[in-house]
Amino acid sequence: MNSSKSPGLAGFGVLKNSTCHTEKKISVFFSIIFMTVGILSNSLAIVILMKAYQRFRQKSKASFLLLASGLVITDLFGHLINGAIAVFVYASDKDWIRFNQSNILCSVFGICMVFFGLCPLFLGSVMAVERCIGVTKPIFHSTKMTSRHVKMMLTMVCLFAVLIALLPILRFRAYQIQASRTWCFYKTEHVEDWEDRFYLLLFSCLGFLALAISFLCNAVTGITLLRVKFKSQQRQGRSHHFEMIIQLLAIMCVSCICWSPFLVTMARIGINEGRSKETCETILFALRMATWNQILDPWVYILLRKAVLKNLYKITSGCCGVHVINLHMWELSSIKNSLKVAAISESPVGSKQMNLQPLSSMGQ
């Protein structure tokens, strides 16, 4: 009987021939620390984002804050659910045969690993696309990118990630207990069937695609903002755009650094049909690197806020002897100009006038 098609026995062959030995105390320590720090960090970031959303009702930033809140909430539940299952497995001495007779826990664990792995990457790419539209097409963004549309995008991203996570279950392919006996994922040992290879390559390709979209959109957004700034032809206030693009660049860098080892490892296993030289310790290291992404994401919003950036700018400017620009006045004028553009664009008469005459007064 093929173990990949028999849910009750999935992964038990790995338990008998496991060659991956992990120190239990160290592994439990890592799991508890990761889960605790992740929950606290994401909870703090959620509070900050919710307060910012309630205080700052500007359309262009409201959509970004909704997407950012969705990303942080996803990271929070990822730490809560996956961390709780991992701690339970360690507490049960990794005796899967005793508490996983029907393979339900392993299936839930595998689904959560795939969903909470891909969903933050997808949301990061959607945030980059949203900011790219907001900077390059501000009129379209202010009139068409409503909160309802953003919530629909969040729902579609989550449903797509759920579909990818449920795909093996729908195809009657059970998730496998990995060699370390601490987590469940796609089959990574002795991969011979094309479908097992497909799942590994699908996960890796979708992850790399999300990172590539984020890189491309952030590059376009950054170049557009720099060109507008250097040419001094601002048609819309841009201070809030710079804050968000800095956050997006930080998220992209963190995602690339944390996820690349795991995505590359899964791709190599899929391409080499499980005959790659990836050891259990290598896979565990890549997995822990990916876990750090969900810990560092919320700190992007905690540390890279406008108030923090303003203080850092003043400190660095004072140390270097550079004249400090009055950012407070720049911020107020930017908000007024942005609201004025949005108000004019929403009226049919105003949109025609904007096409006939340049808003030169808003560039100051």
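Residues numbered from 1 in each chain as written. Predicted model: local features only at pLDDT ≥ 70, side-chain atom pairs only at ≥ 80, totals over all residues. Heavy atoms only, no water.

On to the state of the cysteines, then. The tally for this structure, following the rule as stated, stands at one disulfide. Disulfide pairing places Cys 106 opposite Cys 184 at an S-S distance of 2.3 Å. For the disulfide bridge between Cys 106 and Cys 184, the dihedral angle about the S-S bond is near -125°, and by the sign convention the bridge is left-handed. One end of the pair, Cys 106, is in helix 5 (residues 104-136); the other, Cys 184, is in strand 2 (residues 184-185), and 78 residues separate them in sequence. The exposure class assigned to Cys 106 is buried, which follows from its relative accessible area of 0%. With no disulfide of its own, Cys 119 lies closest to Cys 158 among cysteine sulfurs, the gap being 4.0 Å. (Disulfide = S-S within 2.5 Å. Helix = DSSP H or I, 4+ residues; strand = E, 2+ residues; numbered from the N terminus. Buried < 20%, exposed > 50% of the residue type's maximum accessible area, 1.4 Å probe, protein only.)

So, about the pattern of salt bridges. Under the defined criterion, the tally for this structure stands at six salt bridges. Ionic pairing is found between Arg 171 and Glu 195, a salt bridge with its closest N-O pair at 3.0 Å. Linking Arg 171 in the loop between helix 7 (147-170) and strand 1 (176-177) with Glu 195 in helix 8 (residues 194-231), this pair joins segments that are 24 residues apart in sequence. Using a relative accessible area of 5% as the deciding quantity, one classes Glu 195 as buried. A salt bridge links Asp 196 to Arg 173; the nearest nitrogen and oxygen atoms lie 3.5 Å apart. One end of the pair, Asp 196, is in helix 8; the other, Arg 173, is in the loop between helix 7 and strand 1, with 23 residues separating them in the sequence. A single salt-bridge network, built from bridges that share partners, covers Arg 171, Arg 173, Asp 193, Glu 195 and Asp 196. (Salt bridge = Lys/Arg side-chain N within 4 Å of Asp/Glu carboxyl O.)

Counted according to the given criterion, the structure contains 16 aromatic pairs. Seen in terms of ring centroids, Phe 122 and Phe 160 are 5.5 Å apart; in terms of plane orientation they differ by 40°. Their pairing is tilted. A residue pair is termed long-range when its members are at least 10 positions apart, and Phe 122 in helix 5 and Phe 160 in helix 7 qualify at 38 residues. Taking the relative accessible area as the measure of exposure, Phe 160 reaches 38% and is therefore partly exposed. By way of ring pairs, the aromatic residues Tyr 175, Trp 183, Phe 185, Tyr 186, Phe 198, Tyr 199, Phe 203, Trp 259 and Phe 262 are connected into one cluster. (Phe/Tyr/Trp six-rings, centres within 6.5 Å; stacked < 30°, edge-to-face > 60°.)

Before going further, it helps to examine unusual backbone geometry. The phi dihedral of Phe 172 falls on the positive side, at around 60°, and the residue is not glycine. When you line up the elements, Phe 172 lands in the loop between helix 7 and strand 1. In this structure Phe 172 comes out as exposed when scored by relative accessible area, which is 67%. Of note, the phi angle at Arg 181 is positive, near 60°, even though the residue is not glycine. Looking at the secondary structure, you find Arg 181 in the loop between strand 1 and strand 2.

It is the contact of helix 5 with helix 8, at a shortest axis distance of 8 Å, that shows an interaxial angle of 20°. In terms of their interaxial angle, helix 5 and helix 8 are classed as roughly parallel. The element helix 5 and its partner helix 8 pack so that their crossing is left-handed. Grouping the constituent residues of the contact of helix 5 with helix 8 by class yields 16 nonpolar, eight polar and one charged. (Axes fitted to C-alpha atoms, helices over the stretch in contact; angles between N-to-C directions. Parallel < 35°, antiparallel > 145°, perpendicular 65-115°, else oblique. Left-handed = near helix turned anticlockwise from the far one by under 90°. Nonpolar A, V, L, I, M, F, W, Y, C, P; charged D, E, K, R; others polar.)

Turning our eyes to something else, we now look at the UniProt feature "transmembrane region" (unreviewed entry) in the protein. Under the UniProt annotation, "transmembrane region" (unreviewed entry) lies at residues 26-50, 62-90, 102-129, 150-170, 198-226 and 246-271. Helix makes up 100% of residues 198-226 and strand 0%, with an end-to-end C-alpha separation of 41 Å. Spanning residues 246-271, this segment combines 100% helix with 0% strand, and its end C-alpha atoms are found 36 Å apart. (UniProt positions renumbered as here; feature names shortened; annotations may be inferred.)

What follows deals with the environment of Ala 62. The residue Ala 62 is located in helix 3 (residues 59-91) in this model. For the pair Ala 62 and Thr 146, spaced 84 residues apart in sequence, the C-alpha separation works out to 8.9 Å.

Turning next to the packing of helix 7 against helix 8. Contact geometry for helix 7 and helix 8: axes closest at 10 Å, N-to-C directions at 160°. Taken together, the axis directions place helix 7 and helix 8 in an arrangement best described as roughly antiparallel. In terms of crossing hand, the pair formed by helix 7 and helix 8 is left-handed. On the side of helix 7, the interface is formed by Phe 160, Ile 164, Leu 167 and Pro 168, while helix 8 contributes Phe 198, Tyr 199, Leu 202 and Leu 206. (Contact = heavy atoms within 4.5 Å.)

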